[in-house]
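Next come the chains, spelled out residue by residue.
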Amino acid sequence: MIASCLCYLLLPATRLFRALSDAFFTCRKNVLLAKSSSSQVEGDFAMAPRGPEQEECEGLLQQWREEGSSQVLSTASEGPLVDKGLAQSSLALLMDNPGEENAASEDKWSSRQLSDLRAAENLDEPFPEMLGEEPLPEVEGPMWAAIPMQTDPQYADCAVLPVGALATEQWEEDPAVLAWSIAPEPVPREEAPIWPFEGLGQLQPPPMEIPYHEILWREWEDFSTQPDAQGLKAGDGPQFQFTLMSYNILAQDLMQQSSELYLHCHPDILNWNYRFMNLMQEFQHWDPDILCLQEVQEDHYWEQLEPSLRMMGFTCFYKRRTGCKTDGCAVCYKPTRFRLLCASPVEYFRPGLELLNRDNVGLVLLLQPLVPEGLGQVSVAPLCVANTHILYNPRRGDVKLAQMAILLAEVDKVARLSDGSHCPIILCGDLNSVPDSPLYNFIRDGELQYHGMPAWKVSGQEDFSHQLYQRKLQAPLWPSSLGITDCCQYVSSCHPKRSERRKYGRDFLLRFRFCGIACQRPVGLVLMEGVTDTKPERPAGWAESVFEEDTSELEPASSRTVGTIQHCLHLTSVYTHFLPQRGRPEVTTMPLGLGMTVDYIFFSAESCENGNRTDHRLYPDGTLKLLGRLSLLSEEILWAANGLPNPFCSSDHLCLLASFGMEVTAP
């Protein structure tokens, strides 16, 4: 447009005034030539009005090129100065480099034009007022952009940057702007989320050649010598060895419902297909014999997890949560190592009971270990495996205790042997309780006095002591209609069946003739000759305490204390919940960046007589021996990996893994 302005300066005086006003006003409102060249100057003529003066303008421009810019400056200085500062700077641009096309001059040209344009738009009075015309109102509207002219190939490079909004129909009808149109509104570009892992490409799974446990900084803690090829270890006696993994794999539906917990994660690592591949890689690497999973989404289980685990040699059992929930628990085992004896799904929901109106579930399996045939006639006790996911709500400790009581009652029924003892038991899952909380101590110690305890204190997840109103536990914790005693046993299991009751024959009843109580004359007994006037003689050698010893078996098994619950499974934790090397507590999950332990593997062990043990376990190893475990991590290490989930661990929980040994005995 500057070239057009120069052309108009050479026209007669009657046209000069109108041309200058129109050209400079258009330049001020809409035009900024970027990196002009001779071809662009010629292209600007395509924007000028087409009329009889076209050939004259082109001739004058050619004459200006031949004679130089000095005459143009002198001619321009004699005309009326519309905007002296803008006109002089614009003409000076043409004088500096009239025909050069080097990169340096183009950059200088563009920067100076931009400064001139800004100076022109910052003037206090617009050009029309200086020319005696009424100012045109500015109307906010869409940005305008120049469309290159297609009438001739030589004008194909025409381009003008949008710098303002055209205001009225008068300028839209001007032939100089007929080639302009409304530019499309710029679409805001979404800023890509910042990838928080420096040095790692996005969506790159861990390299297969790097061991998985090295990526997660987890070490295997071995408590015994390495087993032989058959899975048995020499020593005091042969053992049946196996590994068990407990893992909350984070259901996709639950993750999407609580998306605010995962804002620190790149969206792509939360994709289920990516997470599924990572989980399967983790299962394949550790290769457990028993796999206990929580938060298993039902459609993902049947479509992907179960077929994949079956190809890995597992037999799977699944229990979905009740109600409209879409996830549940699964227990998988290898049929080459175990044979299924029974499977018992556990539902904690009880219609009509406010205490048990939640949809959490559990799963209890009784497995028979399979020993190698080369060992001859040997036997191994059955193994009871229980998996559950307890209610999360930190305020409802009463619900948590009731759910745990139901699970323990089911374990007691499944694991009870014919002689009244229990086979080895493993109880694992997400218990939503921290170590040393009342619920944790109840599982480990076998007893809890709950009466008057605040409900939030049961799990220890959060501290609500500052609240004025606090729900407190009252005895009895659950109604008798639940059918579970305070010893966490089904009522039917506490009393022998009718066929097993003692048969009272004549000989047994005759024993009561000579007991101490029978030989005492009741007070107020009426004396009747031949009936109550004689005293029975005690046979020689008959003990006076026979009656007391025999009748003690008919008394209740144990006295009950109001506000106390108990169990007799003798469980202890695989983990100590503390990392002595780092002086930090162990962490299994990191909700909102706060590390805590809520996942556990408990196993049965013999009672400890010595209360001054230096380790953190209450019971030593019994028939089920702990041979090793996969170490957990501290909060600071998980922070270094950007928390959970991360590109390597595709759940918001860490997996727990332990190795056990069971005694193999001869028949």
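Residues numbered from 1 in each chain as written. Predicted model: local features only at pLDDT ≥ 70, side-chain atom pairs only at ≥ 80, totals over all residues. Heavy atoms only, no water.

### A word on the layout of surface pockets
The rolling of a water-molecule-sized probe over the atoms marks out the regions of remaining empty space. Stated formally: Residues are said to line a cavity or pocket when one of their atoms sits within 4 Å of a point; the points come from a 1 Å grid over protein atoms alone, cavities being sets where a 1.4 Å probe fits but cannot get out and pockets being open sets with protein on both sides within 12 Å along at least five of seven lines. Grid points are joined across faces, edges and corners, and a volume is the space filled by probe spheres set on the points. Helix and strand definitions follow DSSP, with helices as H or I runs of at least four residues and strands as E runs of at least two, each counted in order from the N terminus. Throughout this entry, Asp, Glu, Lys and Arg are counted as charged residues, while Ala, Val, Leu, Ile, Met, Phe, Trp, Tyr, Cys and Pro are counted as nonpolar. The remaining residues, Gly among them, count as polar.
Reported here for the largest pocket is a volume of approximately 730 Å³. Lining the largest pocket we find 31 residues, and of these Leu261, Tyr392, Asn432, Pro591 and Asp652 sit closest to its centre. Looking at which element gives the most residues to the lining of the largest pocket, the answer is helix H11 (residues 252–257), with three residues. Each residue belonging to the lining of the largest pocket can be placed in one class, and the counts come to 14 nonpolar, ten polar and seven charged.

### Considering the side chain of Gln403
Our working definition: Working definition: with a 1.4 Å probe on protein chains only, accessible area under 20% of the residue-type maximum means buried, over 50% means exposed, and in between means partly exposed. Note on contacts: a residue pair qualifies if any of its non-hydrogen atoms lie within 4.5 Å across the two residues.
Among the structural elements, Gln403 can be located in helix H14 (residues 397–415). For Gln403, a relative accessible area of 1% translates into the label buried. Here Gln403 is in contact with Tyr348, Leu356, Arg358, Asn360, Ile390 and Leu391, once residues within four sequence places are set aside.

### Some thoughts on the side chain of Glu295
The cut-off we apply is this: Only four residue types enter the tally: Lys and Arg on the positive side, Asp and Glu on the negative side, with His and both chain ends excluded. We count a salt bridge whenever a side-chain nitrogen from Lys or Arg sits within 4 Å of a carboxyl oxygen from Asp or Glu. Counting of polar contacts relies on pairs of N or O atoms within 3.5 Å, with two restrictions inside protein: one atom must be capable of donating a hydrogen and the other of accepting it, and residues adjacent in sequence are counted only when both atoms are side-chain atoms.
Among the structural elements, Glu295 can be located in strand E5 (residues 290–297). No salt bridge is formed by the buried Glu295, whose closest oppositely charged neighbour, Arg275, lies at an N-O distance of 6.9 Å. A distance of 3.3 Å separates a polar atom in the side chain of Glu295 from a polar atom in the side chain of Asn248. Excluding anything up to four places from it in sequence, Glu295 contacts Asn248, Ile249, Leu250, Ala251, Leu254, Asp327, Gly328 and His389.

### Some thoughts on the nonpolar core
Nonpolar side chains tend toward joint burial in soluble globular proteins. We count it as follows: As used in this record, nonpolar core signifies buried Ala, Val, Leu, Ile, Met, Phe, Trp, Tyr and Cys residues forming a set joined through side-chain atoms within 4.5 Å.
Core analysis: the biggest nonpolar cluster contains 60 residues, and Phe242, Phe283, Ile290 and Phe660 have the highest contact counts within it. The element best represented in this core is helix H12 (residues 272–286), accounting for six residues. Once residues lying within four places of it in the same chain are set aside, the contact partners of Phe242 are Asp289, Ile290, Phe338, Leu383, Ile426, Leu624, Ala658, Ser659, Phe660 and Met662. Met404, Leu439, Tyr440 and Tyr600 belong to the second largest nonpolar core, which has 47 residues in total.

### A closer look at the pattern of salt bridges
Scanning the entire structure with this criterion turns up 14 salt bridges. Through salt bridges with shared partners, one network takes in Glu354, Arg396 and Asp398.

### Description of the sheet that holds E5
To keep it simple, the criterion reads: A pair of strands counts as paired when DSSP detects no fewer than two bridges linking them. Working convention: axes come from line fits to C-alpha atoms, limited for helices to the stretch in contact. Angles between N-to-C directions cover 0 to 180 degrees.
The seven strands lie next to each other as E3-E18-E19-E4-E5-E7-E6, forming an open sheet whose pairing is mixed. Two strands lie at the open edges of the sheet, namely strand E3 (220–222) and strand E6 (315–320), each paired on one side alone. On average, each strand axis in the sheet is tilted by 20° relative to the strand beside it, whichever way the strands run. Relative to E5, strand E4 (residues 239–248) runs parallel, the two being bridged by five bridges. Looking across to E5, one finds that Ser246 is bridged to Cys292. Docked against the sheet, H12 engages E4, E5, strand E18 (624–630) and strand E19 (656–663), running at close to 165° with respect to E4.

### Some details on the confidence of the model for the protein chain
Our working definition: Known as pLDDT, the predictor's per-residue confidence is scaled from 0 to 100.
Averaged over every residue, the pLDDT of the protein chain is 74; the share at 70 or more is 55%. Predicted confidence for residues 27–49 stays below pLDDT 50, and this span has 76 contacts to residues more than four positions away or in other chains. Within the model, pLDDT remains below 50 along residues 545–559, and this stretch shows ten contacts once partners closer than five positions in the same chain are excluded.

### Describing the pairing of E18
Most of E18 sits inside the fold, with six of its seven residues counted as buried. Pairing geometry for E3 and E18, over three bridges, is antiparallel. For Asp222, the partnering residue across the bridge sits in E18 and is Gly628. Here E18 runs beside E19; their pairing, made up of five bridges, is antiparallel. Each residue of the ladder has a partner; that of Leu624, found in E19, is Met662.

### Some points on the pairing of strand E11 (residues 425–430)
Just so we agree on the cut-off: A right-handed crossover is one whose linking path, passing over the helix from the first strand to the second, runs clockwise when the strands point away from the viewer.
Counting buried positions along E11 yields six of six residues, so the element is predominantly enclosed. Side chains Ile425, Leu427 and Gly429 project from E11 onto one buried face, and the interleaved Ile426, Cys428 and Asp430 project onto a second face that is buried too. In this structure, strand E10 (residues 383–389) lies alongside E11, joined through six bridges in parallel fashion. Residue His389 lies in a different strand from E11, and its bridge partner there is Asp430. In this fold, E10 hands off to H14, which returns the chain to E11; that crossover is right-handed.

### Focus on the state of the cysteines
Cut-off, in case you're wondering: Criterion for a disulfide: a pair of cysteine sulfur atoms at a distance within 2.5 Å.
Counted by the stated rule, this structure contains zero disulfides. Cys428 carries a free sulfur, and the closest cysteine sulfur to it, the one in Cys292, is 3.5 Å from it. Considering cysteine sulfurs only, Cys649 is the nearest to Cys655, which forms no disulfide, with 7.2 Å between them. Residue classification places Cys655 among the buried residues on the basis of a relative accessible area of 0%.

### Describing unusual backbone geometry
A cis amide bond links Ala475 to the next residue, Pro476, at an omega of -5°. Tracing the chain through its elements places Pro476 in the loop between strand E12 (447–449) and helix H16 (491–494). The omega angle of the peptide bond from Leu644 to Pro645 is -5°, so this bond is cis rather than trans. Structurally, Pro645 is set in the loop between helix H19 (635–640) and E19. One non-glycine residue, Asp436, lies in positive phi territory at about 65°. Counting through the fold element by element, Asp436 comes out in the loop between E11 and helix H15 (438–445). We classify Asp436 as exposed; its relative accessible area is 55%. The phi angle at His570 is positive, at roughly 55°, despite the residue not being glycine. By secondary structure assignment, the location of His570 is in the loop between strand E13 (564–566) and strand E14 (571–573).

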